[in-house]
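Below are the chains, spelled out letter by letter.
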Amino acid sequence: MGSVSTDEAMRRAIVLAARGLGTTSPNPLVGCVLLDSRGEIVGEGFHAYAGGPHAEIVALAQAGERARGGTAVVTLEPCNHTGRTGPCTQALIRAGVRRVVVGVTDPNPVAAGGVETLRAAGIDVELGVRSVEAEAGNLAWLTAVRRGRPYLIWKYAATLDGRIAAADGTSMWITSEAARIDVHALRGTVDAVIVGVGTVLADDPRLTVRNLRDGSLAIRQPLRVVVDSEGRTPADARVRDAAAPTWVATVDEVGAGPDGKVDLPALLAVLYQRGVRAALLEGGPILAGAFLAAGLVDKVVGYLAPKLLGAGPAALADAGPRTISEVIDLEFTDITPVGPDLRVTAFPRKTEG
């Protein structure tokens, strides 16, 4: 293989990092490409699971002595502390790497300081190479660490006119099997799935990650969170089975917000302390409205079926706006057909100030 530029190597590292999606939390996604002194790729690695070897360690093991005098291209600043594994900075120094190229610096104060350590050892460090793409590939983790709360995705499924059920309450199935399979893949990328007790009482969902064709469970299951101010979740609800861990979050445990119900910022703070870095909000419209009104939703994923009901509950209840000037403004970033349905992805627009 011929030599490659550090820009090309960073693109490859970003692709590698994505292979750890859904298995690394509470750690970040990281990819690493090692180039020898001639610019040829001699090692690649990504962080595959929490507690496992970091991307740099995997790449260094693959490269061996060929890493000496070479360049390490890493999507995230190499860690500078000892946790379940040792500091990657020291491994790079011992390997004799001459240069380190970093996509994004680490906002975690526990792990930060890698750039300074590397430079103090005489290693040339370049920052910000393909930083936009590196940031986007690790957006949930970076956002969570910077804010001290999980990155929250609101997901809903509705008819084209925004109804999540018919007037008589029936809702199975608004979207196609293809869309439901896609939702399970989305669940597999997060650490927790959040619903309100109303959804549990109405639909008795399982909230697990499954293969819909044979019903088998994925090896890794997100935490199921029921926001239940008064503890009304039935003892025989399916979310209480042994298929996945469950937390029924009550006012007594979390505390009450201004409305007397579970304090949502406090809920997210507790989840962050429990290692949750990305969470999926699945229901229902009242809880979704409360999270949106509190400014706690980071991303919206809607599955729209080519159907019309004209009546029945809407996907979203009161989210705060009282007039059109107060509308929650979103920016579409992706519209993809999923079977006969559409998956629409949007982000709340950042306000000035």
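Residues numbered from 1 in each chain as written. Predicted model: local features only at pLDDT ≥ 70, side-chain atom pairs only at ≥ 80, totals over all residues. Heavy atoms only, no water.

Here's the deal with the sheet that holds strand β2 (residues 41-46)
- The sheet built from five strands is open, its strands ordered β2-β1-β3-β4-β5 with mixed pairing. In this open sheet, the two edge strands, each paired with only one partner strand, are β2 and β5 (124-127). Pairs of neighbouring strands in the sheet enclose a mean axial angle of 15 degrees, with direction left out of account.
- With four bridges connecting them, strand β4 (residues 99-104) and β5 associate as parallel partners. Paired with V100 across the two strands is V125, which belongs to β5.
- Across the sheet, helix α1 (residues 6-17) is in contact with β1 (31-35), β2, β3 (71-76) and β4; its angle to β1 comes to roughly 145 degrees.
- Lying over the sheet, helix α2 (residues 55-63) contacts β1, β2 and β3, oriented at roughly 150 degrees with respect to β2. (Pairing = 2+ DSSP bridges. Helix = DSSP H or I, 4+ residues; strand = E, 2+ residues; numbered from the N terminus. Axes fitted to C-alpha atoms, helices over the stretch in contact; angles between N-to-C directions. Contact = heavy atoms within 4.5 Å.)

Notes on the packing of aromatic side chains
- The tally for this structure, following the rule as stated, stands at one aromatic pair.
- Between W154 and Y156 the ring centres are 4.7 Å apart and the planes differ by 25 degrees, which places this aromatic pair in the stacked class.
- Assessed through its relative accessible area of 7%, W154 is described here as buried.
- Taking the ring centre of W247 as reference, the NZ or CZ of R274 above it sits at 5.1 Å. (Phe/Tyr/Trp six-rings, centres within 6.5 Å; stacked < 30°, edge-to-face > 60°. Buried < 20%, exposed > 50% of the residue type's maximum accessible area, 1.4 Å probe, protein only. Lys NZ or Arg CZ within 6 Å of the ring centre and 35° of its normal.)

Quick look at the UniProt feature "domain: CMP/dCMP-type deaminase" (unreviewed entry) in the protein
- As recorded in UniProt, the sites labelled "domain: CMP/dCMP-type deaminase" (unreviewed entry) are residues 4-126.
- Secondary structure over residues 4-126 splits into 28% helix and 21% strand, and the C-alpha atoms at its two ends are 16 Å apart. (UniProt positions renumbered as here; feature names shortened; annotations may be inferred.)

Here's the deal with the environment of A158
- Mapped onto the secondary structure, A158 falls in strand β6 (residues 151-159).
- Residues A158 and T175, spaced 17 residues apart in sequence, show a C-alpha to C-alpha distance of 7.3 Å.
- Residue contacts for A158: discarding those within four places in its chain leaves R163, I164, I174, Y303, L304, A305 and A315.

Brief notes about the pairing of β4
- Extensive coverage of β4 is indicated by the burial of six of its six residues.
- One ladder, built from five bridges, connects β3 with β4; its direction is parallel. Across the sheet, the residue bridging to V74 is V102, located in β4.
- Traced from β4 through helix α4 (residues 114-120) to β5, the parallel crossover comes out right-handed. (Right-handed = clockwise from strand over helix to strand, strands pointing away.)

Quick word on unusual backbone geometry
- Residue S25 is joined to P26 through a cis peptide bond whose omega torsion reads 10 degrees.
- With respect to the helices, strands and loops of the structure, P26 is situated in the loop between α1 and β1.
- The omega torsion of the bond from M172 to W173 falls at -10 degrees, within 30 degrees of zero and hence cis.
- The residue R130 is not glycine, and still its phi comes out positive at about 50 degrees.

Structural notes on the environment of L34
- Relative to the helices and strands, L34 resides in strand β1.
- Overall, L34 belongs to the buried group, its relative accessible area being 0%.

So, the nonpolar core
- Membership of the largest hydrophobic core comes to 39 residues, with the highest contact counts inside it found for M10, L34, L60, A72, L92, V97 and V100.
- The leading source of residues in this core is α1, at five residues.
- L152, W154, L271 and A319 belong to the second largest nonpolar core, which has 26 residues in total. (Core = buried A, V, L, I, M, F, W, Y, C linked by side-chain atoms within 4.5 Å.)

Thoughts on helix α6 (residues 139-147)
- For α6, every residue scored as buried is listed here: W141, L142, T143, A144 and V145.
- Close packing links the buried residues of α6 with β3, β4, α5 (131-137), β6 and α10 (264-273).
- G148 sits one or two residues past α6 and shows a positive phi near 75 degrees.

Some remarks on the pattern of salt bridges
- Enumeration according to the criterion identifies 20 salt bridges in this entry.
- R99 is the partner of D124 in a salt bridge, and the nearest nitrogen-oxygen pair spans 3.7 Å. Placement of the pair is D124 in strand β5 and R99 in strand β4, with a sequence separation of 25 residues.
- With its nearest N and O atoms 2.5 Å apart, the salt bridge here joins E135 to R146. (Salt bridge = Lys/Arg side-chain N within 4 Å of Asp/Glu carboxyl O.)

Concerning the sheet that holds strand β12 (residues 330-338)
- Read from one edge to the other, the open sheet built from eight strands follows the order β9-β8-β7-β10-β6-β11-β13-β12, with strand pairing classed as mixed. Where the open sheet ends on each side, the last strands, each with one partner, are β9 (246-249) and β12. Averaged over all neighbouring strand pairs, the angle between strand axes comes to 20 degrees, with direction disregarded.
- Pairing of β12 with strand β13 (residues 341-348), which is carried by eight bridges, proceeds in the antiparallel orientation. If you follow E331 over to β13, its bridge partner there is F347.

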